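The lines below spell out each chain.
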Amino acid sequence: MLEIEIDGKKLTVPGGSTVMDAANSIGVHIPHFCYHKKLSIAASCRMCLVQVEKAPKPLPACATPVTDGMKVWTHSDQAVTAQKGVMEFLLINHPLDCPICDQGGECQLQDLAVGYGQTGSEYAEEKRVVANKDLGPLISTDMTRCIHCSRCVRFTEEIAGFQELGMANRGEFTEVMPFIGKTVNSEISGNVIDLCPVGALTSKPFRYTARTWELSRRKSVSAHDGLGSNLVVQVKNNKVMRVLPLENEAINECWLSDRDRYSYEALNSEERLTKPMLKQGGVWQETDWQTALEYVANGLKQVIAEHGKDSVAAVASPNSTVEELFALRKVMAGLGVESVQAFARSADFSLKTQGAQWLGQSLLELSQNEAILLVGSTLRKEQPLLAQRLRQSVKKGLQLSAVNPHSDEMLTKLVGEVVVRPDQLVEGLLQVIQAFVELKSVPVPNGVDLSNVLVSDAARAIALSFDGKAKTAILLGNVAQTNARYAEIYAAATALAVLTGATLGVPAMAANSVGAQLVGADLGADIFGAGSLANAKKAYVFLGVEPEYDAHNGAHALAAAKNAEMVVVMSPFQSCAMDYADVILPISPFSETSGTFVNMEGKAQSFNGVVRPLGETRPAWKVFRVLGNLFGFSGFEYNSSEEIRDEALAGEIAPRLSNAVVSTHAVRTQSAQGLVRLGEVPLYQVDSIVRRSPSLQATQDALLASTLRANATTLAKLGLVVDGQAIVQQEQGSATLLVALDDGLLDDVIRVAASHPLTRNLGDMVGAVEVLKA
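For the chain, the name recorded in an unreviewed UniProt entry is NADH-quinone oxidoreductase, with Deefgea piscis as its organism. Looking at the chain in UniProt, the text filed under Catalytic activity (unreviewed entry) is "a quinone + NADH + 5 H(+)(in) = a quinol + NAD(+) + 4 H(+)(out)".

Given below as structure tokens:
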């Protein structure tokens, strides 16, 4: 610890701290532009110049290390004179047109110019003008305003993992720009908008729609992935105008993924439902809530009376709140219906764990691991901020490795990567188990058959990375969780975890995957009939889910819905449900209701609605409350969502989280051949809200999701050419897609996205497939 005196205040700080760190620790503000606590030190703006005893000239606080006994003055005459000089230089070429700048009212330069700027300038020459750059559909540019703080450049390199922005030229000719002909395509690119201290980088969808002082600010929680990012939702005239990160070091730090930042556009979509709708004689008609709910109650009673309780199923989105899922489960239980499913994308329901599957540790603990193995995970696209957190850990010594059906660029160093077919993730894990058994000469775990396992060098490198480490983890990603052999994958991962002493973790696919398990909304098997309409249900209740997009086999789910006698759809949006539903009830998205999400680390986060429900939209928990009363069930006298939450999550959550299996599954190798599909849920197709965000659907990630991808050998075998077209056939469905090259795949593996408008008629996400030249 070192002693330092700042503005007459004595304090002690750890060795290695800078003057800026010391000042921040006691709440002393030093003006700055280029400094950011999460980025490396650039010391390029010079705005943080301070006076240091015995120093011949002012020093930058952000880059000056503390020495024992140092005395610093942040607002002395010398410091303020230096800061004012820097401000004058910064304003030489900066356009002084704050009223028309989109950053006006929340601009650091504007704020500091009030305190350190002068009333006039000695600079009378013509100011420079810089051409704007095309950074894509999410980020708008006014590069003449750029003050070259380099925050955006450092962010793309250090946090996003790939330097998509750089600084070219020197002196007054310096420009921040992307690579020639490129846009910024990172899945967390929108953070450069928050980092930019001036109006050079702003939100393209939000541009010129509102002023910051017109907006109300309300806290909320992300409704799209299992991280549970904290949000500040900004509202004007009962309309969500913008979403920004709310800093929470334990969860999302100060960052936000583009999916969470821009999906708000769908909340104001033209597809929003505002009134209940009934289909009468094949024609849709708007109706009132009382009529619609009585129709639902009578219809479900009739189906149960004719076909029995097993003929009805409820399918919910795992992005639904704890309160909604609990109320749905309670209504169905009252009817005697056991099939309540929030994991329609799952293909294997044979796995049973002793509690809710979760990350196995907190996010902070995860980042402190010494070695982590990812299994079946496109982590950057599944969990953008978790991938970012692990990238930072790799810089500090984490040994990261993967067993995957692809070798996607993870923008960080991997010690080993075993690439297998998507139907052979089990065999990839068995390689690592065999390598560890050989390395440590330990017995083979019970239930694991290692005969016919050929060990690759990558598997040996992974096994070595786990050897002698005190804290390690194995994470099962979305590709593993939706795999038809998930129980085997889980058993193999469990065996490896026991061998190595690692913690097994299951990063949640959706905002409330853990919460859904806690309230029992994960029961039953494939409720869409597994390809046989004879096994499908006679009535379905869909809560926030679009079966053609949100099921493992969209074609089967859609056929089952169309074949059912009654389909009740509860959704914020009118969609393809018009083709198969009998009644559509407009329910509130997360922005218009209060509720709770339980994130992947088992942390329950409650939030309030940020705007009033649109039209006659109602929160789903209120709809179930009324349905419960219509059915005459007891226990539905709820006055608030908090009452439901307290009943649903009564007691401690931690004891109900467990990745331990109830019974073990035998694990052995299986041969696989022929053309196989790798179907992942694209980054911007995960739920009904994200799917309806125009800006997100214009990104490179969204465009890539509409292609067929394979390696050069597979393309040649199929007679396909890059940028040509191919017809993909699977079961009874087909899709015509653009062809793209993906050298990260093995032979005979084609990458065709699931949950996509072009591919929703295809079959299983991982399965046999035919490809023809268009």
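Q: So what's going on with the overall build of the chain? Which residues, and what values?
A: Helix and strand counts for the chain come out as 24 helices and 33 strands. At 28 Å, the chain has a C-alpha radius of gyration in line with the 28 Å of a compact globule built from 774 residues. Dimensions along the principal axes, computed over C-alpha positions, put the chain at roughly 90 × 70 × 55 Å. The buried share of the chain, reckoned over its 774 residues, is 61%. In the chain, the share of contacts with a sequence separation of at least 24, taken over all contacts with a separation of at least 6, comes to 72%. By element, 50% of the accessible surface of the chain is carried by carbon and sulfur atoms, the whole surface being about 30,100 Å².

Q: Give a detailed account of the sheet that holds strand E14 (residues 283-286), specifying residues and quantitative values.
A: Ordered by their spatial adjacency, seven strands build an open sheet running E14-E13-E24-E23-E22-E15-E16, and the pairing between neighbours is mixed. With partners counted over all chains shown, the strands left at the sheet margins are E14 and strand E16 (340-341), one partner each. In this sheet, E16 lies alongside strand E15 (residues 312-316) in parallel orientation, the contact comprising two bridges. Looking at E16, one finds that Ala-314 is bridged to Val-340.

Q: Tell me what's going on with the packing of helix H2 (residues 77-92) against helix H3 (residues 108-116), and back it up with residues and numbers.
A: Running from N to C, H2 and H3 cross one another at 130 degrees; their axes reach a closest spacing of 10 Å. Judged on the interaxial angle alone, H3 and H2 are oblique. Every pair of crossing elements has a handedness; the one defined by H2 and H3 is left-handed. Mapping the contact onto sequence places Gln-83, Lys-84, Met-87, Leu-90 and Leu-91 in H2 and Leu-109, Leu-112, Ala-113, Gly-115 and Tyr-116 in H3. Considered class by class, the residues forming the contact of H2 with H3 number seven nonpolar, two polar and one charged.

Q: Quick one: what's the story with the nonpolar core, residue by residue and with numbers?
A: The biggest cluster of nonpolar side chains holds 122 residues, and the ones touching the most others in it are Met-570 and Leu-585. Excluding residues within four positions of it along the chain, Leu-585 makes contact with Pro-276, Trp-289, Ala-292, Leu-293, Val-296, Val-568, Val-569, Met-570, Ser-571 and Val-623. Counting residues in each nonpolar core, the second largest holds 48 residues, with Val-418, Val-432, Val-506 and Val-766 among its members.

Q: How would you summarise the domain arrangement of the chain if you had to cite specific residues and measurements?
A: In terms of domains, the chain is made up of domain 1 (1-92), domain 2 (285-349 + 515-654), domain 3 (363-507) and domain 4 (676-773). For domain 1 and domain 3, the distance between their C-alpha centroids amounts to 44 Å.

Q: Residues and numbers for the UniProt feature "domain: 4Fe-4S Mo/W bis-MGD-type" (unreviewed entry) in the chain, please.
A: What UniProt calls "domain: 4Fe-4S Mo/W bis-MGD-type" (unreviewed entry) maps, in this numbering, to residues 215-271. Helix makes up 9% of residues 215-271 and strand 35%, whereas the separation of the span's terminal C-alpha atoms amounts to 25 Å.

Q: I'd like a rundown of unusual backbone geometry, residues and numbers included.
A: Glycine aside, negative phi is the norm for most residues, and most peptide bonds take the trans geometry. Unlike most non-glycine residues, Asn-238 shows phi in positive territory, near 60 degrees. Turning to its location among the elements, Asn-238 is positioned in the loop between strand E11 (230-236) and strand E12 (239-245). Judged by its relative accessible area of 27%, Asn-238 is partly exposed. Notably, Asp-748 is not glycine yet its phi reads approximately 65 degrees, a positive angle. Take Asp-748: it is sitting in the loop between strand E30 (733-741) and strand E31 (749-752).

Q: Kindly report on the packing of aromatic side chains, identifying the contributing residues and their values.
A: Any aromatic ring pair is given by two values, namely how distant the centres are and how the planes are angled relative to each other. Using the criterion set out here, one finds eleven aromatic pairs in the structure. With a centroid separation of 6.3 Å and an interplanar angle of 85 degrees, the aromatic rings of Phe-542 and Tyr-580 are classed as edge-to-face. Taken together, the residues Phe-542 in strand E22 (residues 539-543) and Tyr-580 in helix H19 (residues 577-580) connect sequence positions 38 residues apart. Neither residue differs from the other here; Phe-542 and Tyr-580 are each classed as buried. Note on Phe-636 and Tyr-638: the rings are 6.3 Å apart at their centroids and 75 degrees apart in plane angle, and the pair reads as edge-to-face. No difference in accessibility class separates Phe-636 from Tyr-638, as the two residues are buried. What links up through ring pairs into an aromatic cluster is the set Phe-528, Tyr-540, Phe-542 and Tyr-580.

Q: Just give me the short version of the side chain of Arg-259, but keep the residues and values in it.
A: Within the secondary structure, Arg-259 sits in helix H6 (residues 258-262). Using a relative accessible area of 2% as the deciding quantity, one classes Arg-259 as buried. At a separation of 3.2 Å, a polar atom in the side chain of Arg-259 contacts the side chain of Asp-225. The residues contacting Arg-259, other than those within four sequence positions of it, are His-224, Asp-225, Lys-381, Glu-382, Pro-384, Leu-683, Tyr-684, Val-686, Val-690 and Leu-696.

Q: Quick one: what's the story with the UniProt feature "domain: 4Fe-4S His(Cys)3-ligated-type" (unreviewed entry) in the chain, residue by residue and with numbers?
A: Mapped onto the present numbering, the UniProt feature "domain: 4Fe-4S His(Cys)3-ligated-type" (unreviewed entry) falls at residues 78-117. As a span, residues 78-117 carries 60% helix and 0% strand, and end to end its C-alpha atoms are 16 Å apart.

Q: Describe the sheet that holds strand E33 (residues 770-773), listing the residues and the values that go with them.
A: The seven strands lie next to each other as E32-E27-E31-E28-E30-E29-E33, forming an open sheet whose pairing is mixed. The sheet is open, and its two edges are formed by strand E32 (766-768) and E33, each paired on a single side. Shown here is a sheet whose adjacent strand axes are inclined to one another by a mean of 35 degrees, direction ignored. Of the strand pairs in this sheet, strand E28 (residues 707-710) and E30 are connected by four bridges, and their pairing is parallel.

Q: Before we move on, can you summarise the environment of His-29 with the specific residues and values?
A: Tracing the chain through its elements places His-29 in the loop between helix H1 (19-25) and strand E3 (49-52). When residues no more than four places from it in sequence are discounted, the contact partners of His-29 are His-75 and Leu-112.

Q: Can you lay out the pairing of strand E8 (residues 175-178) for me, pointing to particular residues and giving the numbers?
A: Alternating positions in E8 separate cleanly, Val-176 and Pro-178 being buried on one face and Glu-175 and Met-177 remaining unburied on the opposite face. Pairing of strand E7 (residues 165-168) with E8 involves four bridges; the strand directions are antiparallel. Residue pairing in the sheet places Leu-165 in a bridge with Pro-178 of E8. Hairpin connection, E7 to E8: the antiparallel pair is bridged by six residues, and Asn-169 has positive phi, about 70 degrees.

Q: Could you give an account of the pairing of strand E25 (residues 595-598), with specific residues and numbers?
A: The alternating pattern of E25 places Gly-595 and Phe-597 on one face and Thr-596 and Val-598 on the opposite face, and all of these are buried. Here E25 folds back onto strand E26 (residues 604-607) in antiparallel fashion, the turn holding five residues, of which Gly-602 has a positive phi close to 80 degrees.

Calculation criteria
- Residues numbered from 1 in each chain as written.
- Predicted model: local features only at pLDDT ≥ 70, side-chain atom pairs only at ≥ 80, totals over all residues.
- Heavy atoms only, no water.
- UniProt positions renumbered as here; feature names shortened; annotations may be inferred.
- Helix = DSSP H or I, 4+ residues; strand = E, 2+ residues; numbered from the N terminus.
- Rg over C-alpha atoms; globule rule 2.2 N^0.38 Å.
- Buried < 20%, exposed > 50% of the residue type's maximum accessible area, 1.4 Å probe, protein only.
- Contact = heavy atoms within 4.5 Å.
- Areas by Shrake-Rupley, 256 points an atom, 1.4 Å probe, with all protein chains shown as cover.
- Pairing = 2+ DSSP bridges.
- Axes fitted to C-alpha atoms, helices over the stretch in contact; angles between N-to-C directions.
- Parallel < 35°, antiparallel > 145°, perpendicular 65-115°, else oblique.
- Left-handed = near helix turned anticlockwise from the far one by under 90°.
- Nonpolar A, V, L, I, M, F, W, Y, C, P; charged D, E, K, R; others polar.
- Core = buried A, V, L, I, M, F, W, Y, C linked by side-chain atoms within 4.5 Å.
- Domains from an automatic or database assignment.
- Phe/Tyr/Trp six-rings, centres within 6.5 Å; stacked < 30°, edge-to-face > 60°.
- Polar contact = N/O pair within 3.5 Å; in protein donor to acceptor, adjacent residues only side chain to side chain.

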